[in-house]
Each structure stands twice: as C-alpha cells, then as structure tokens.
Amino acid sequence: MIALIQRVLEAAVTVDGRTVGAIGPGLLALVCAERGDTEASADRLLAKLLGYRVFSDEAGKMNRSVASLDGKTDGTGAAGGLLLVSQFTLAADTNSGTRPSFTPAASPADGKRLFDHFVAQARMRHPVVETGEFGAHMRVSLVNDGPVTFWLQTRPEAG
C-alpha cells in the first residue's frame, strides 16, 4: 500500500459542495491499495504513518509523530488530526508514454475493502480521523506546513 503524507496546518475534503472531512493541524494522507495488498499490508502502513516523526520538537527537529503533535508527553497533549483520502492514481505506472496505466492499482472492490480496513484501524488507534468518500470526485484543500511531504509504501509479504 502507498500513502503520500503531508504535514498540514489544516485540510478539508469536499464532495458536491459539502465538506465530508476536515482537520486542523495534523497529517493529510492520500492512500492507495495496490494489487496483492492485504489487510496486513494496510496495518503495517498505518503503523508506519502513526509513528512517522514529522512534527518538530522544542529543538526544531522532526522528532514527534501525529500522536504527540503538540509535544506534551505528560498525557495532557493533543494528537493531531488524520485526514485519510483514497487515491488510486498513486499506483500509476508512468514508465512509458504520456498516459498513465493503472494496472498496478488494486481493483475497486479490493481498494475499497482495504481503505475501509485502514480507516477502521486508524479510528481504533487514533482519536482524530476524518476521511473523504471512496470513489467520489473530491476536492482536497490543504495548507501544507513546511512544506513537508513523504511517500510511505509497504509491500505485501511474500507468502
């Protein structure tokens, strides 16, 4: 699975003029399932995303994850938001020609199943989770903080 994560001051998703998901400071994650991905791939990607240290500590170093966004370690701190948006185009094969091929992407049914699993697991592990709408034409707005953007990817385990 793939996640393109962006550290944001705020982000929102609208569908047909209505806001379906919005967060303040946190991570916007564009999430894609590829052929062969499993729930285990999704779980590994989520663990990586939740633990990825992209927020600054008091020394200005990227040492904090979205779970400890405000940096308080005494249990009174606030977690940052997660805005999870499905985006199958992240799996595009762009190696030849001038038109992308989406062969590497999971089928729509598998993509939805894995995205729904990813969201459900995120909601069990993180207090602030918003989403877009799978398969909808979405408008995503964000204020990228930094800008800070990272590509995270997990491969299915060989069986």
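Because the structure is a prediction, the values reported are computed rather than measured. (Residues numbered from 1 in each chain as written. Predicted model: local features only at pLDDT ≥ 70, side-chain atom pairs only at ≥ 80, totals over all residues. Heavy atoms only, no water.)

If you look at the biggest cluster of nonpolar residues, it comprises 27 residues, and the most contacted ones within it are Met1, Leu27, Leu49, Leu82, Leu84 and Phe118. Sorting the residues of this core by element identifies strand 1 (2–15), strand 3 (26–32), helix 1 (39–51), strand 6 (81–86), helix 2 (108–125) and strand 8 (139–153) as the ones contributing at least two each. Look past the residues within four positions of Leu82 in its chain and what remains in contact with it is Ile23, Leu27, Leu49, Leu50, Val66, His126, Val128, Val129 and Glu130. Ranked by size, the runner-up nonpolar core spans 16 residues in total, among them Val8, Cys32, Ala91 and Met138. (Core = buried A, V, L, I, M, F, W, Y, C linked by side-chain atoms within 4.5 Å. Buried < 20%, exposed > 50% of the residue type's maximum accessible area, 1.4 Å probe, protein only. Helix = DSSP H or I, 4+ residues; strand = E, 2+ residues; numbered from the N terminus. Contact = heavy atoms within 4.5 Å.)

For the rest of this paragraph, the subject is the packing of aromatic side chains. Enumeration over the complete set of coordinates arrives at three aromatic pairs. Judged by centre distance (5.0 Å) and plane angle (65°), the rings of Phe88 and Phe102 are edge-to-face. With Phe88 in the loop between strand 6 and helix 2 and Phe102 in the loop between strand 6 and helix 2, the pair connects residues that are 14 residues apart, well separated along the chain. Judged by relative accessible area, Phe102 falls into the partly exposed class, the value being 33%. Between Phe115 and Phe134, the aromatic rings sit 6.2 Å apart at their centres with planes inclined by 40°, giving tilted as the arrangement. Residue Phe115 is located in helix 2, and its partner Phe134 is located in the loop between strand 7 (129–131) and strand 8; the two are separated by 19 residues in the primary sequence. Owing to a relative accessible area of 5%, Phe115 belongs among the buried residues under this scheme. (Phe/Tyr/Trp six-rings, centres within 6.5 Å; stacked < 30°, edge-to-face > 60°.)

Moving on, we get to the packing of helix 1 against helix 2. Relative to each other, helix 1 and helix 2 sit at 40°, their axes nearing to 9 Å. With respect to helix 2, the axis of helix 1 lies oblique. For helix 1 against helix 2, the interelement crossing comes out right-handed. Between helix 1 and helix 2, the contacting residues are Glu39, Ala42, Asp43, Leu45, Leu46, Ala47, Leu49 and Leu50 on the first element and Arg113, Leu114, His117, Phe118, Gln121, Ala122 and Arg125 on the second. Broken down by class, the residue content of the contact of helix 1 with helix 2 amounts to nine nonpolar, two polar and four charged. (Axes fitted to C-alpha atoms, helices over the stretch in contact; angles between N-to-C directions. Parallel < 35°, antiparallel > 145°, perpendicular 65-115°, else oblique. Left-handed = near helix turned anticlockwise from the far one by under 90°. Nonpolar A, V, L, I, M, F, W, Y, C, P; charged D, E, K, R; others polar.)

Next up on the list: the side chain of Arg7. Looking at the element boundaries, Arg7 is found in strand 1. For Arg7, a relative accessible area of 10% gives the class buried. The residues contacting Arg7, other than those within four sequence positions of it, are Gly26, Leu27, Val54, Phe55, Ser56, Met62, Val143, Asn144, Asp145, Gly146 and Val148.

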